[in-house]
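Spelled out, the chains give:
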Amino acid sequence: DMGFTIGNHTYSHPYLNELNYEDTKSEIVKTNELIESVTGEKPKIFRPSFGIMGDSTQQVLDEEGMIWMNWTYGYDWEEEYMNADSLANIMVNTEFLSDGANLLMHDRQWTSAAIGKIVDGLVAKGYEIVNPNEIQTQGDTQ
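Once a new chain begins, its residue numbering starts again from 1 and follows that chain's sequence as written. Local features in this predicted model are restricted to residues whose pLDDT is 70 or higher, and side-chain atom pairs enter the listing and the counts only when it is 80 or higher, whereas totals over whole chains, interfaces and linings include all residues. Based on all heavy atoms of the structure, the side-chain values leave hydrogens and waters out of the count.

Draft legend 1. Inspection of unusual backbone geometry at higher detail. Not every positive phi belongs to a glycine, and His13 is a case in point at roughly 60°. Positionally, His13 belongs in the segment before helix H1 (21-39). The classification of residues rests on relative accessible area computed with a 1.4 Å probe and restricted to protein chains. Under 20% of the type maximum is buried, over 50% is exposed, and intermediate values are partly exposed. Note on His13: relative accessible area 34%, which makes it partly exposed. Unusually for a residue other than glycine, Phe50 sits at a positive phi of about 60°. Counting from the N terminus, the helices are DSSP H or I runs at least four residues long and the strands are E runs at least two residues long. In this structure, Phe50 sits in the loop between strand S1 (45-46) and helix H2 (57-64).

Okay, structure coming up:
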């Protein structure tokens, strides 16, 4: 209802490189079906658990008409960044920040408390926050 892009991150958060084709397909399709039943839209974007693709992952994504999108960096699961100030500081000042960076953040109290500072800091550095739906990929006709 808030207009966010909802992607697929697998059903049970497995290491996809340890799954065969059938199990990989089940993880992705089951999640797609669940998301579509709630939102009315099938996800188009996939982020693999732990950032790891398996041998069959790309094949399943192709079959599902999805693209995968991984992150450039993220810190909110590391203990030293589990407070708003330190998280905002590292997200804005890390050496990994660059054009096109995809920042990984989770639904956590300290991340929520830091998000305003993170956005303000990135904008102050000249970066633009982009909706994933606006990202063009190879083969896009728009």
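Here the narrative resumes, following the displayed structure.
Draft legend 2. Geometry of the pattern of salt bridges. Salt bridge, as used here: a side-chain nitrogen of Lys or Arg that lies within 4 Å of a carboxyl oxygen of Asp or Glu. Counting across every chain of the model gives four salt bridges. With a closest N to O distance of 3.0 Å, Lys25 and Glu63 form a salt bridge. Within this pair, whereas Lys25 is found in helix H1, its partner Glu63 is found in helix H2, the two being separated by 38 residues in sequence. Note that Lys42 is salt-bridged to Glu64, the shortest N-O span being 3.2 Å. With Lys42 in the loop between H1 and S1 and Glu64 in helix H2, the pair connects residues that are 22 residues apart, well separated along the chain. The partly exposed category is assigned to Lys42, whose relative accessible area is 31%.

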